[in-house]
Amino acid sequence: MSERVAVEWLKLYAEQIRPRGLPGRGDLLGRLSPDAELSGPVVRMVEQEAGQLLLWPGEFSPGQWDWDSVVTAQCARSDELGLPLVWYCDDAHHALTARLRAAGFTPQDREEIMVGRSTEMACAPGARPALPAGTRLRPAATGADFEQVRELAVRVRGGSWNWLPAALERWSADEDDPCAVTVVEAPRHKVVAAGLVRFHTGTGFASLWGASVHPAWEGQGLYRSLLGHRAALAARRGHSYLYTEALPSSRPVLARLGMVTVTTHTPYQYSPPGRPRGAAQTSASTTANPPRHT
C-alpha cells in the first residue's frame, strides 16, 4: 500500500472520526461515564473500578491553551485523588508529549491507528476461514449474551469488566454509532470468541473493538473469522472504511487483511507521589495488555 494512500486515509479519519469524540468508541473511554468531566481542553474520567484517571485531549492547539498549566492542573488533580493518571496523546503532537515527559509521565504501549477498505478486508484471502466443527458465528443481542462476552473478557484480559454488558446494550441501540456484537459459540452455547463493530452514521467509517478469543480456542481461525465477518457487516451498511486501534502484536494479522497504519497514539501514565509506577491499568481499550483487542 502506497504512502499516498495512507496519507489520504489519515485525512479521512481526521475529518470524519476525530470530531466525534469519545461516545463512538467501543472501549472504556466510550462508555459515557457519569464521572466524565470537561477540564479545559481535555475530557477527564474518574474510573474508580480501574483505580485511575483517564484523560482524552482534543486537538492540540499550542496557541489556544497554556499547555504547561493544563498539564500541571491534571497532575494536581491526580495527586489530590491519589489515583494514577493515564493521558492518551497523539504521537504527532510532539510539543505535548515533550511536556508530559518533563512532568514525569512515562509512555506505555504505543497503539497504531489502522485503516482498511471494508470490502477488500471481507474478501481478503484467509479472512473467512472454516470454523472448528461444532462452532458457529452468530450475533449477540441479549443480556445473557452480553454477560457471556463480559465473562470471556475477564478470562482473556483480567479485571472485572462490570461496565461492559450495560455498555453493549446501550451501544446496540445507539442511533449515531450503532454497535453489532458477534460471537463464536461452541457446543452447550458457550461463547469462546467475541468482537464488536460500531457503525458511524454519516461517515464512511465503521470501527473494530474488543475481540477476545478463549485461550483454549486460539490458533483455530476464530479471530480472523470475526475480522472478516465484521468487515462484511460494515460493507453491507455502506461504510467503505474500517479503523481500529491496534497493539503491535495485532498488526501482522490486520496488515494481511489490507489494513495500514495511518498514525499512532501512546498512553502516558503519571503516578502520584507515594504510588508505584505502573499501578494503573495502562490502557482502557487493552486492559491487562491482551495480545489482540481489535
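Read on for an overview of the structure. Bear in mind that the values here come from a model prediction, so they are computed numbers and not experimental data.

## Looking at the pairing of strand S12 (residues 260-270)
The element S12 is extensively covered by neighbouring structure, given that 10 of its 11 residues are classed as buried. With six bridges connecting them, strand S4 (residues 85-90) and S12 associate as antiparallel partners. Looking across to S12, one finds that Trp87 is bridged to Tyr268. Of the pairings in the sheet, the one linking strand S5 (residues 106-107) to S12 comprises two bridges and is antiparallel in character. Bridge pairing links Pro107 to Tyr268 in S12. Relative to S12, strand S6 (residues 111-117) runs antiparallel, the two being bridged by five bridges. In the strand pairing of S12, Met114 is matched with Thr261.

## Overview of the packing of helix H2 (residues 67-81) against helix H3 (residues 94-102)
Where H2 meets H3, the closest approach of the two axes is 10 Å, and the angle between their N-to-C directions is 45°. On the basis of their axis angle, the class for H2 and H3 is oblique. Considering how the two elements wind past one another, H2 and H3 form a crossing that is right-handed. Two secondary-structure elements touch here, H2 through Trp67, Asp68 and Val71 and H3 through Leu96, Arg99 and Leu100. Split by residue class, the contact of H2 with H3 holds four nonpolar, no polar and two charged.

## Here we look at the nonpolar core
One finds Leu168, Val181 and Tyr243 to be the most contacted residues of the largest nonpolar core, which totals 38 residues. The contacts of Val181, once residues within four sequence positions are left out, are Arg138, Pro139, Ala140, Phe146, Val149, Leu168, Gly195 and Leu196. Among the nonpolar cores identified, the runner-up in size contains 30 residues, and Val192, Ala193, Tyr223 and Leu226 belong to it.

Rules used throughout
Residues numbered from 1 in each chain as written. Predicted model: local features only at pLDDT ≥ 70, side-chain atom pairs only at ≥ 80, totals over all residues. Heavy atoms only, no water. Buried < 20%, exposed > 50% of the residue type's maximum accessible area, 1.4 Å probe, protein only. Helix = DSSP H or I, 4+ residues; strand = E, 2+ residues; numbered from the N terminus. Pairing = 2+ DSSP bridges. Axes fitted to C-alpha atoms, helices over the stretch in contact; angles between N-to-C directions. Parallel < 35°, antiparallel > 145°, perpendicular 65-115°, else oblique. Left-handed = near helix turned anticlockwise from the far one by under 90°. Contact = heavy atoms within 4.5 Å. Nonpolar A, V, L, I, M, F, W, Y, C, P; charged D, E, K, R; others polar. Core = buried A, V, L, I, M, F, W, Y, C linked by side-chain atoms within 4.5 Å.

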